[in-house]
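Report on the structure
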Amino acid sequence: MSLSKISQKLVNATTATPAALQIRRSLASVAPASAFHAHYPVVPGSLTAHLQLRSGEKFTGGSFGAPVSTVGETVFTTSLVGYPESMTDPSYLGQLLVFTQPLIGNYGVPNRTRDEFGLLKHFESEKIQCRGIIVSDYAAKYSHWNACESLAQWCEREGIPAITGVDTRALVHILRGQGSTLGSLNVGAEPASNIDWVDPNVDNLVAQASTSSVRVFNPKGDVNVALIDCGVKYNIIRSLCQQGARVSLLPWNHDLSSQLSQYDGIFISNGPGSPTHCTETIEQLRHAFEVYQRPIFGICMGNQLMGLAAGLNAYKLRFGNRGHNQPAVDLTNGRCVITSQNHGYALDDSKMPAGWDRYYVNANDGSNEGIRHLEMPFRSVQFHPEAKGGPLDTGYLFKEFVDQVRASKAAGVEATIIPDSVAKQTASASASA
């Protein structure tokens with residue numbers, strides 16, 4: 001059959017569709033903020049929800065989550081799958097999450113099965129971390145072999161508001177133009193008034209997301225890795241454990257200085273908000289860079305904290321990089337990998353400190369995707385090699401790190417050295433005596 005005949009058949013099939021089966025939606029167009037208010041017909045019997053941006057734009061749709069109000073930073077993810085993992089990622093703490101994938105909820109929410117390390121298999125933390133979700137089309141009916149409840153039931157049970165019927169294309173157009181913006185999500189007949197626009201990024205979100213006590217995973221592992229919890233995703237812990245490491249999960253501000261010899265390697269996790277709030281972690285890493293000789297690795301927030309400790313500055317991206325298809329180029333070999341990302345801040349690597357070099361760079365916007373020390377086994381990446389969800393192109397980085405830790409231990413590398421400053425002080429004191 002010719003292409004023209006196939007096309008004509010498709011046209012005929014479309015025009016023959018009964019009017020009752022045709023989905024009709026009015027898609028909002030971008031207008032001045034003062035006049036912008038996109039409405040979506042709410043299903044009879046459903047509650048009405050409203051999303052308002054601080055810049056003035058309003059969206060009215062249907063509520064399918066908890067009937068509560070909240071304020072957060074409105075950000076978007078371009079990921080096509082993995083909404084249970086995204087919603088439980090601590091890096092989304094304090095944020096209203098917009099899904100650009102039009103249909104959300106069609107495979108429901110999985111059960112809370114745990115793996116051999118005691119971690120939830122299908123979630124990245126114990127609860128929903130984002131403050132609310134915004135979708136174009138919520139699928140009320142779900143179908144998946146592992147689903148135990150609907151997305152609406154999950155959101156309502158955990159007290160998370162959710163809105164459907166939003167023209168997410170128009171919304172993302174706005175966010176890309178003016179940058180991530182504070183938003184208010186409320187349920188009721190009218191949009192909320194007298195909104196208290198509190199920016200979550202003014203708080204230390206890492207302190208909220210981090211563990212408050214030391215926890216150990218895979219205690220029989222042959223190497224002991226200190227994992228600094230800045231809001232760690234469970235699959236980071238799992239990935240280290242699967243490589244045979246014993247993982248000691250530490251609070252974000254844990255005092256490492258007197259315990260460095262206990263650990264064969266140090267790992268710094270992802271986390272929410274601005275890295276500049278984590279002054280205690282930065283100081284701990286700065287000290288480690290001076291005296292520690294064993295491998296150190298960081299992911300996402302870990303990359304930013306290592307950069308700040310090394311002497312770089314961090315800045316806020318206009319709308320961040322959040323999704324499963326971000327290309328990053330390894331500057332050591334020119335290889336490009338497709339990565340999963342979720343961050344709103346980045347390192348300014350225009351001028352690298354002595355002894356450090358750029359490791360990866362984003363092929364889309366040129367932003368920093370990693371740094372490495374030229375002599376010591378210290379390196380970090382901005383993307384998520386553990387994915388969950390997303391591509392597994394860079395999962396090898398966990399193996400490389402643990403193999404490096406194992407080799408360092410086998411070689412008998414001492415944990416610390418006496419820094420030059422301490423040596424000079426000691427020499428000076430001896431001379432005076």
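Please refer to the structure higher up on the page.
Read on for a plain summary of the structure. (Residues numbered from 1 in each chain as written. Predicted model: local features only at pLDDT ≥ 70, side-chain atom pairs only at ≥ 80, totals over all residues. Heavy atoms only, no water.)

**A few points about the packing of aromatic side chains**
Formally: Think of it this way: a Phe, Tyr or Trp ring, Trp meaning its six-membered ring, pairs with another when their centres are within 6.5 Å, and the plane angle makes it stacked under 30 degrees, edge-to-face over 60, tilted otherwise. What counts as a helix is a DSSP run of H or I of at least four residues, what counts as a strand is a run of E of at least two, and both are numbered from the N terminus. Between buried and exposed lies partly exposed: a residue is buried under 20% and exposed over 50% of the maximum accessible area for its type, with that area taken using a 1.4 Å probe on protein chains only. Charge-over-ring placement is defined geometrically: NZ (Lys) or CZ (Arg) within 6 Å of the ring centre, and within 35 degrees of the ring normal.
A complete count under the given rule lists twelve aromatic pairs for this structure. Between Phe297 and Phe401, the aromatic rings sit 5.9 Å apart at their centres with planes inclined by 50 degrees, giving tilted as the arrangement. Of this pair, Phe297 sits in strand β17 (residues 296-299) while Phe401 sits in helix α9 (residues 396-410), and the two are 104 residues apart along the sequence. Across the pair, exposure class does not vary: Phe297 and Phe401 are buried alike. Feature note: the residues Phe267, Phe297, Phe398 and Phe401 constitute an aromatic cluster, connected by ring pairs. Stacked on the ring of Tyr345, the Lys or Arg Lys316 has its end atom at 5.4 Å from the ring centre.

**Some details on the environment of Ala189**
Within the secondary structure, Ala189 sits in the loop between β12 (181-187) and α5 (205-209). For Ala189, a relative accessible area of 68% gives the class exposed. Residues Ala189 and Ala49, spaced 140 residues apart in sequence, show a C-alpha to C-alpha distance of 7.7 Å.

**Topic: the packing of helix α7 (residues 279-291) against helix α8 (residues 301-310)**
Applicable threshold: The convention used is that axes are lines fitted to C-alpha atoms, helices contributing only their stretch in contact, and that angles between N-to-C directions extend from 0 to 180 degrees. The handedness criterion is simple: a crossing whose near helix is rotated anticlockwise from the far helix by less than a right angle is left-handed, and one whose near helix is rotated clockwise is right-handed. Residue contacts follow a heavy-atom distance rule, with two residues in contact if any of their heavy atoms lie within 4.5 Å. Amino acids outside the nonpolar list (Ala, Val, Leu, Ile, Met, Phe, Trp, Tyr, Cys, Pro) and the charged list (Asp, Glu, Lys, Arg) are all regarded as polar, and Gly is one of them.
For the pair α7 and α8, the least separation of the axes is 8 Å and the interaxial angle reads 65 degrees. Taken as a pair, α7 and α8 cross one another with a handedness that is right-handed. Residue-level inspection shows Thr281, Ile282, Leu285, Arg286 and Phe289 of α7 in contact with α8, the latter providing Leu305, Met306, Leu308, Ala309 and Ala310. Classifying every residue of the contact of α7 with α8 gives eight nonpolar, one polar and one charged.

**So, helix α4 (residues 168-178)**
Of all the residues in α4, the buried ones are Thr168, Ala170, Leu171, Val172, Ile174 and Leu175. Once α4 ends, the next one or two residues include Gly179, with phi positive near 95 degrees.

**So, the sheet that holds strand β18 (residues 313-330)**
What counts, and what does not: Between any two strands, pairing holds if DSSP finds at least two bridges.
Overall, mixed pairing links the ten strands, which are arranged β13-β15-β14-β16-β17-β22-β21-β20-β18-β19 in an open sheet. For this open sheet the edge positions go to β13 (215-217) and β19 (336-348), each flanked by a neighbour on one side alone. When strand polarity is set aside, the average angle formed by the axes of neighbouring strands in this sheet is 20 degrees. Two elements, β18 and strand β20 (residues 356-362), share three bridges in a ladder whose sense is antiparallel. Looking at the pairing, Asp330 lines up with Tyr360 of β20.

**A word on the pairing of strand β2 (residues 48-53)**
With five of its six residues buried, β2 lies for the most part within the structure. As paired elements, β2 and strand β3 (residues 58-63) share five bridges and run antiparallel to each other. Directly across from Leu51, in β3, lies its bridge partner Phe59. Here β2 folds back onto β3 in antiparallel fashion, the turn holding four residues, of which Gly56 has a positive phi close to 115 degrees. Sheet topology note: the β2/β12 ladder contains five bridges and is antiparallel. Note on β12: the bridge partner recorded for Leu51 is Leu185.

**Quick look at the pattern of salt bridges**
Convention followed: By definition, a salt bridge exists where a carboxyl oxygen of Asp or Glu is found within 4 Å of a side-chain nitrogen of Lys or Arg.
Counted under the stated rule, the structure contains 14 salt bridges. Glu126 is the salt-bridge partner of Arg112, the closest N and O atoms lying 3.1 Å from each other. Of this pair, Arg112 sits in the loop between β7 (109-110) and β8 (132-134) while Glu126 sits in the loop between β7 and β8, placing them 14 residues apart in sequence. Put simply, Glu386 and Lys233 hold a salt bridge, and the shortest N to O gap is 3.0 Å. Note that Glu386 is positioned in the loop between β22 (378-381) and α9 and Lys233 in the loop between β14 (223-228) and α6 (234-242), a separation of 153 residues in sequence. Look at Glu386 and you get buried, because its relative accessible area is 2%.

**Digging into the packing of α6 against α9**
Operational definition: For classification purposes, an angle smaller than 35 degrees is called roughly parallel, one larger than 145 roughly antiparallel, one from 65 to 115 roughly perpendicular, and anything else oblique.
Across the interface, α6 lies against α9 with an axial gap of 9 Å and an inter-helix angle of 50 degrees. One element, α6, and the other, α9, form an angle in the oblique class. The crossing of α6 and α9 is right-handed. Within the contact between the two elements, α6 uses Ile236, Ser239 and Leu240 and α9 uses Phe398, Phe401 and Val402. A class-by-class count of the residues in the contact of α6 with α9 yields five nonpolar, one polar and no charged.

**Structural notes on unusual backbone geometry**
Cis geometry marks the peptide bond from Lys388 to Gly389; its omega dihedral reads -5 degrees. Along the chain, Gly389 turns up in the loop between β22 and α9. At Cys300, a position not held by glycine, the phi torsion is positive, near 60 degrees. In this structure, Cys300 sits in the loop between β17 and α8. Positive phi, normally seen in glycine, also occurs at Lys388, with a value near 65 degrees. Mapped onto the secondary structure, Lys388 falls in the loop between β22 and α9. Since its relative accessible area comes to 26%, Lys388 is described here as partly exposed.

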